[in-house]
Amino acid sequence: MAATVFLAESLPAPGEEYLLAGDEGRHAAAVRRVRAGEELVLSDGAGGFARCTATAVGKADVTVRCAETWTVPPASPRVVLVQALPKSDRSELAVELATEAGIDAIVPWQASRCVSRWDGGGSGGKGSGKAEKGVARWRAVARSAAKQARRAYVPEIHDLVTTRELVPLLTSMDANVVVLHEGSAVPLGEVDFSVTETVVIVVGPEGGISPEELDALVGMGAQPALLGPTVLRTSTAAAVALGALGVMTDRWSGTPPD
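Residues numbered from 1 in each chain as written. Predicted model: local features only at pLDDT ≥ 70, side-chain atom pairs only at ≥ 80, totals over all residues. Heavy atoms only, no water.

The protein chain goes by Ribosomal RNA small subunit methyltransferase E in an unreviewed UniProt entry, where it is assigned to Tsukamurella tyrosinosolvens. Entered under Function (unreviewed entry) in the UniProt record, the comment concerning the protein chain runs "Specifically methylates the N3 position of the uracil ring of uridine 1498 (m3U1498) in 16S rRNA. Acts on the fully assembled 30S ribosomal subunit." UniProt annotates the protein chain under Sequence similarities (unreviewed entry) with the comment "Belongs to the RNA methyltransferase RsmE family." (UniProt positions renumbered as here; feature names shortened; annotations may be inferred.)

What follows is the structure, encoded as structure tokens:
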């Protein structure tokens, strides 16, 4: 069985000891019940790994000794997901699936037809407590899913954006922006993903992207593309698109850590 991955603030050098404490230490000691002599892997969530052996286990922490370290290069092209807020019962699922499928960053989008509202329906603003809690929860889900998938990188979760904020954000990225849209005549498989080092996938809400939003995105250079013959839920569309990108590009050329 492969060694369990735990996230660490920093990685020890070979031969050094490191105290895994906090939430990760409690999870290792109390939930995973790591024992002295057991091998585990630390990750900094930014491409670095350290293979370690537990030397002492406390009630809420584990001391390990590092045997070796290595770095995994980021996948190319980099893929950013603009995810319209799903309904509350599927919100975390969208982040979890996209993270497991390899997304590099996620931008929560308050699209006009979103049923879920993090902005207070226009009264609270994106700085409202609900928006902050939503982003914090997405970040926690992304961390957990990245560990489960044994990923080298934890996806960045951007602050909530409105459509008015989204267009200039995408313009600044110098990216190939693709809007998944059931009305497009261009299949995703015909899109050239080699033209830029960053790809942005835009996924609309359950009610669909409004004509005004689509016009705004196309106006800044985005290309609508058809994901497939069926209309997927907003919470699963990104993971399916990432699977296609994994085959169409070199993103799936690596292997999980041992």
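After that view of the structure, there is still more to cover.
Within the protein chain, the secondary structure is distributed over six helices and twelve strands. Rg of the C-alpha trace for the protein chain: 20 Å, near the compact-globule value of 18 Å for 258 residues, within the 12% margin. Structurally, the protein chain occupies a C-alpha span of about 60 × 40 × 30 Å along its principal axes. By residue count, 47% of the 258 residues in the protein chain fall in the buried class. Partitioning the intrachain contacts of the protein chain with sequence separation of at least 6 by distance along the chain shows that 70% fall at a separation of at least 24. About 12500 Å² of surface is accessible on the protein chain, with carbon and sulfur atoms providing 51% of the total. Of the side-chain charges in the protein chain, 24 are positive and 31 negative, and the distance between the mean point of each set is 8 Å. (Helix = DSSP H or I, 4+ residues; strand = E, 2+ residues; numbered from the N terminus. Rg over C-alpha atoms; globule rule 2.2 N^0.38 Å. Buried < 20%, exposed > 50% of the residue type's maximum accessible area, 1.4 Å probe, protein only. Contact = heavy atoms within 4.5 Å. Areas by Shrake-Rupley, 256 points an atom, 1.4 Å probe, with all protein chains shown as cover. Lys, Arg positive; Asp, Glu negative; His and termini not counted. Charge placed at Lys NZ, Arg CZ, Asp CG, Glu CD.)

Turning to the UniProt feature "domain: Ribosomal RNA small subunit methyltransferase E PUA-like" (unreviewed entry) in the protein chain, a few remarks are in order. UniProt feature "domain: Ribosomal RNA small subunit methyltransferase E PUA-like" (unreviewed entry): in the numbering of this structure it lies at residues 20–64. Secondary structure within residues 20–64 divides into 22% helix and 42% strand; the distance between the first and last C-alpha atoms comes to 7 Å.

Attention shifts here to the nonpolar core. Grouped together as the largest cluster of nonpolar side chains are 52 residues, with contacts concentrated most on Trp109, Leu170, Ile201 and Val202. The leading source of residues in this core is helix 6 (residues 234–248), at six residues. With 15 residues, the next largest nonpolar core counts Ala29, Leu42, Val62 and Val64 among its residues. (Core = buried A, V, L, I, M, F, W, Y, C linked by side-chain atoms within 4.5 Å.)

Bringing unusual backbone geometry into the picture now. Note that the residue after Ser76, namely Pro77, is joined by a cis bond; omega there is 0°. When you line up the elements, Pro77 lands in the loop between strand 5 (62–71) and strand 6 (78–84). In this model, Asp174 sits at a positive phi of 50°, which is unusual for a non-glycine residue. Mapped onto the secondary structure, Asp174 falls in the loop between helix 4 (163–171) and strand 10 (176–180).

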